[in-house]
Amino acid sequence: NAGVTQTPKFQVLKTGQSMTLQCAQDMNHEYMSWYRQDPGMGLRLIHYSVGAGITDQGEVPNGYNVSRSTTEDFPLRLLSAAPSQTSVYFCASRKNTEAFFGQGTRLTVV
Amino acid sequence: GNSVTQMEGPVTLSEEAFLTINCTYTATGYPSLFWYVQYPGEGLQLLLKATKADDKGSNKGFEATYRKETTSFHLEKGSVQVSDSAVYFCALSVGPETGNQFYFGTGTSLTVIP
């Protein structure tokens, strides 16, 4: 049981490039979400999904797309990276009141 | 709306000192409250939780009591260790009408020195 797995752990992008951050969970949780963590701002919700085929926006969705074709996977797409998207990204799944987090992806946009 | 305000850091303590990290919240409805801990280079891990007023969550010597009258959930530990050095996040979760979203505080960095 691996829990929540995020790849890659580190990534450097040039402004305007696109990429997908991968997130997979093996706990059969319906609810998954993406957060970004910035100094002094805690974690902010980007997008979330309450089940396969259902996604919704969180607090800071601009510049990010998501889809949820299976219960296990919830990728986060940056279509045109900007320096303001430099951050640490966390994927989480939850069951009832408890959330389980991946180890994070540290993204730098130059 | 929903929000969490927690004590600014960083906090530096000597080993065996008493720890308090303050957390207050604003919420619509009846939230569940959490403390998460983040060790260097890792994701967040649940430390403790409380789901209703007057509940006390506890784990690894840490405690927090859900105080509805003061809208608070302060984290305490009687004697900290070097291994407790980490960033601590207070969070709340509200009901399914908001997708059971979490709202996090800004985090408090704790360093414990021998």
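Whatever comes next refers back to the structure up there.
This text gives an overview of the structure that appears in the document. Here the residue index of a chain counts from 1 through its sequence in written order. Chains carry letters from A onward and ligands carry numbers from 1 onward, assigned in written order. Two thresholds apply to this predicted model, a pLDDT of at least 70 for residue-level local features and 80 or more for giving and counting side-chain atom pairs, whereas whole-chain, interface and lining totals are computed over all residues. Think of the side-chain values as coming from all heavy atoms in the structure, minus any hydrogens and water.

### Comments concerning the packing of aromatic side chains
Each Phe, Tyr or Trp ring (for Trp, its six-membered ring) is paired with any other whose centre lies within 6.5 Å, and the angle between the two planes then decides the class: stacked below 30 degrees, edge-to-face above 60, tilted in between. On inspection of all chains with the given rule, the structure shows 14 aromatic pairs over all chains. Between B:F34 and B:F102, the aromatic rings sit 4.9 Å apart at their centres with planes inclined by 50°, giving tilted as the arrangement. With a gap of 68 residues between them, B:F34 in strand β5 (residues 32–38) and B:F102 in strand β11 (residues 102–104) connect regions that are remote in the sequence. Grouping residues by exposure puts B:F34 and B:F102 together as buried. Ring geometry for B:Y36 and B:F102: centres 6.0 Å apart, planes at 85°, overall edge-to-face. On the criterion of sequence distance, the pair formed by B:Y36 in strand β5 and B:F102 in strand β11 is long-range, its members being 66 residues apart. What links up through ring pairs into an aromatic cluster is the set A:Y35, A:F101, B:F34, B:Y36, B:F89, B:F102 and B:F104. Of note, A:R68 hangs over the ring of A:F74, and the distance from its end group to the ring centre comes to 5.9 Å. It is A:R94 that lies over the ring of A:Y31; its NZ or CZ is 5.5 Å from the centre. Where helices and strands are cited, they refer to DSSP runs of H or I of at least four residues and of E of at least two residues respectively, numbered from the N terminus. Type-normalised accessible area, obtained with a 1.4 Å probe on protein chains alone, sets the label of each residue: buried when under 20%, exposed when over 50%, and partly exposed for intermediate values. By definition here, charges over rings are those cases where NZ of Lys or CZ of Arg is within 6 Å of the ring centre and within 35 degrees of the ring normal.

### Side note on the pattern of salt bridges
Residues and elements named next belong to chain A. Basic side-chain nitrogens of Lys or Arg form a salt bridge, by our definition, when they fall within 4 Å of a carboxyl oxygen of Asp or Glu. Under the defined criterion, the tally for this structure stands at five salt bridges over all chains. Residue D38 is joined to R36 by a salt bridge in which the shortest nitrogen-to-oxygen separation is 2.8 Å. Residues R44 and D38 are paired through a salt bridge, measuring 2.9 Å at the closest nitrogen-oxygen approach. Of the two residues, R44 and D38, both sit in the buried class. Among the charged side chains, a network of salt bridges with common partners joins R36, D38 and R44.

### Considering unusual backbone geometry
Cis geometry is found at the peptide bond from A:T7 to A:P8, where omega equals -5°. Mapped onto the elements of the fold, A:P8 is located in the loop between β1 (4–7) and β2 (10–13). Cis geometry marks the peptide bond from B:G9 to B:P10; its omega dihedral reads -10°. With respect to the helices, strands and loops of the structure, B:P10 is situated in the loop between β1 (3–6) and β2 (11–14). Of note, the phi angle at B:E16 is positive, near 80°, even though the residue is not glycine. Within the secondary structure, B:E16 is located in the loop between β2 and β3 (19–21).

### Observations concerning the interface of chain A and chain B
Any two residues whose heavy atoms approach within 4.5 Å are treated as being in contact. Each side of the interface is counted separately: chain A has 17 residues, and chain B has 21 residues. What gets called buried area is simply the loss in accessible area from a 1.4 Å probe that two parts show on being joined, summed for both. Taken over both partners, the interface formed by chain A and chain B buries close to 1500 Å², and the fraction arising from carbon and sulfur atoms is 55%. Together, A:R94, A:T97 and A:F101 form the three largest contributors to the area buried by chain A at its contact with chain B, with a combined 32%. Our enumeration of links across chain A and chain B arrives at zero salt bridges. In protein, a polar contact means a hydrogen-donor-capable atom and an acceptor-capable atom, both N or O and within 3.5 Å, with residues adjacent in sequence counting only if both atoms are side-chain atoms; elsewhere, any N or O pair within 3.5 Å suffices. If you look at where chain A meets chain B, you find three residue pairs in polar contact (both at pLDDT 80 or more).

Any functional reading would require information beyond the geometric quantities listed.
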